[in-house]
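If you want the building blocks of each chain, they are given just below.
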Amino acid sequence: MKKSGVKNEKYVSLNRILTMIVVVAYIVFLLLLFWMDSILVVNYRREGKAEKRQQVSDCADMLNEHLGKIEELLYDIYAYNQDFRNLNGSQADLGEFNSVYEINYIMSNKVSLYHWINGYMLSYHRNEKWRYHFEGNDVGLDRAEEMKRFVTDQIRDGKACGQVVTRFDKETYCFTFYSKENVSVCGVYDLSKSISSYTRNLKSGGEVLLAIDGRVYGMGDGTDDEPAEGIPVPTDGRTDCFEEKIGTDEYFGKRVGSTDLWVIYKSPITIFTFMNVIHMLLFLLTFSTLIIAGFVYRYIRKNILLPLRRLVETMNEISEGNWDSACSHDSRLEEIRRVNEAFHVMVSEIKKQKILSYEQIIEKQKAQMQYLQLQLKPHFYLNGLKTLNMLAMEGDTEKTQDLIMHLSYHLRYLLQVNRTLVPLASEIEYTKNYADIQLKMYGRDIVIDWDVRGEVENISVPTLCIQTFVENSFKYAMPDGERNGLEITVRIYGLETQDGKFIDITVRDNGVGYPLHILEEINADSKEESVSVGINNLKRRCLFIYGGREEYNFYNSDGAVSEIVLPCDRG
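Draft legend 1. Geometry of the nonpolar core. Among the nonpolar cores identified, the biggest contains 41 residues, and Leu424, Ile466, Phe474, Ile492, Ile503, Ile505 and Tyr514 are the most heavily contacted of them. Filtering out sequence-adjacent residues up to four positions away, Tyr514 remains in contact with Asn472, Tyr476, Leu519, Ile522, Ile535, Phe554, Tyr555, Asn556, Ala560, Val561 and Ser562. Among the nonpolar cores identified, the runner-up in size contains 39 residues, and Ala60, Leu87, Tyr178 and Val263 belong to it.

Draft legend 2. Examining unusual backbone geometry more closely. Residues other than glycine seldom take positive phi values, yet Leu464 does so here, at roughly 65°. Note that Leu464 resides in the loop between strand E13 (460-462) and helix H12 (467-476). Judged by its relative accessible area of 15%, Leu464 is buried. The residue Asp558 is not glycine, and still its phi comes out positive at about 55°. With respect to the element layout, Asp558 can be found in the loop between strand E16 (551-556) and strand E17 (560-567).

Draft legend 3. Region of the structure containing helix H14 (residues 533-546). Here H14 is 14 residues long and its end C-alpha atoms lie 20 Å apart, about the 20 Å a rise of 1.5 Å per residue gives. When you tally the buried positions in H14, you get ten out of 14 residues, the bulk of the element. Turning to H14, its buried residues number three or more, namely Ile535, Asn536, Asn537, Leu538, Lys539, Arg540, Arg541, Cys542, Ile545 and Tyr546.

Draft legend 4. Molecular detail of the sheet that holds strand E3 (residues 161-168). Judged by pairing direction, the sheet is antiparallel, and its five strands sit side by side in the order E2-E1-E5-E4-E3 without closing on themselves. Unpaired on one side and paired on the other, strand E2 (129-134) and E3 mark the two borders of the sheet. Pairs of neighbouring strands in the sheet enclose a mean axial angle of 20°, with direction left out of account. Along the sheet, helix H4 (residues 141-156) contacts strand E1 (119-124), E2, E3, strand E4 (171-179) and strand E5 (184-190); its crossing angle with E4, the most-contacted strand, is approximately 45°. Across the face of the sheet, helix H5 (residues 191-200) comes into contact with E3, E4 and E5 while running at roughly 30° to E5.

Conventions we followed
Residues numbered from 1 in each chain as written. Predicted model: local features only at pLDDT ≥ 70, side-chain atom pairs only at ≥ 80, totals over all residues. Heavy atoms only, no water. Core = buried A, V, L, I, M, F, W, Y, C linked by side-chain atoms within 4.5 Å. Buried < 20%, exposed > 50% of the residue type's maximum accessible area, 1.4 Å probe, protein only. Contact = heavy atoms within 4.5 Å. Helix = DSSP H or I, 4+ residues; strand = E, 2+ residues; numbered from the N terminus. Expected span 1.5 Å × (residues − 1). Pairing = 2+ DSSP bridges. Axes fitted to C-alpha atoms, helices over the stretch in contact; angles between N-to-C directions.

Written out as structure tokens, the structure is:
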């Protein structure tokens, strides 16, 4: 009958609860930190890219503004300056000198006053005569001659105006020119100088490059003359900006106005590209929680989880019969120590009661085993006495003495009731003695083949574990009075399995085999009242000794086969 008000409760492990609480809390905390760090890093990265885009855009706008002012200045001279017109026509040397002087005055003042133009070049008298002026006289005669040849080549192409970017050694210039038949004026803009000046004011570092006709050049000191390779500068004329990551560098490009000139900002990719010092400290704090969590978990595991686990394992071992198992008191928590101490006191008291109970059971089993061992077969010994009497009447003293020695050894072995286990060698010797008695008493033609493999003769086995099966062969092998031609094979060898070491004993004869009712009986559980007293007595004794770890197998195969597998250690 079920008690009212009692519900089936599902229990959970305290170890599991504590572990899950710590793990879940730490994961949530770690995810929050990573989420915050990731947002800061993403925003920092986005702002960094926006700043670099703005820098390259400002540089391109600056260059475009300067080039526009130069173009505007040159166009005013080309379209509205009377001296420029006079130079294009034929005039006396004095008039030509005055016109050149006036244009030179205007252009020199512009070069000296404004940073958006670095020099000018004026060609006249069918482009055979030249006048030029450069800021601070930075351009030497050789460079000036190169520039004159370059501008002359541009004018010869028949262009009335134009804007061309070219590079001399490591310096890049933009030439803006307006030309009539006999006269032309050209403004010179030093791109390298302007960009170098702009780069010095950059806060984020990096390097500003120029791209001309798909070729990219550096502007810094020591830059090689060879163009930078692998930078995909758009050449379709429709794209005004681009971003690319090549190797360990990032490139941000912007077209200068509607020209083919590109300004490219090259920024090396480092850890500071993605985060600043504050972000690094936050990530360091995040990962330091791993160490802190490790110490916290180690403390909880050492002082709570492991002591509780050991306590549970000790309980399981005790429930399996290992009463010598002990739980250590290595926790610093007072509650855990008190639980352990109370548990040990309880186990000690139970162990005392268990020992008393075991002693009573052992005494009872010992008495029962002694009874089983002393279940002698009277007819066997009566037949032995009859045989002795017959030999005495015949006066065969030698055979009489020999039979008496065999019978006395047989009885002495059986009456050792204090020994439940004997060496295998003793059991083999006893069985051979039993076979000799059978031969002398009944005159049977008996052949016993012993097949003992390995070093097993010193292994302890129950008494009569071989003789019982040999006796059954004598009993069932040759029915109807047939006494000759009995062959018995005894095979013994050791086994090693995952459960330990065992010894396998198999007795096989060449008789007619076990009767079916006998096979059913001996393969079933042993009974106190049965026909096969010897086999059932052996099975009960083995049950006392090994606790059910032994195994049996009885069957017929060209005779009776009896097999028993015994552990090499007691259970």
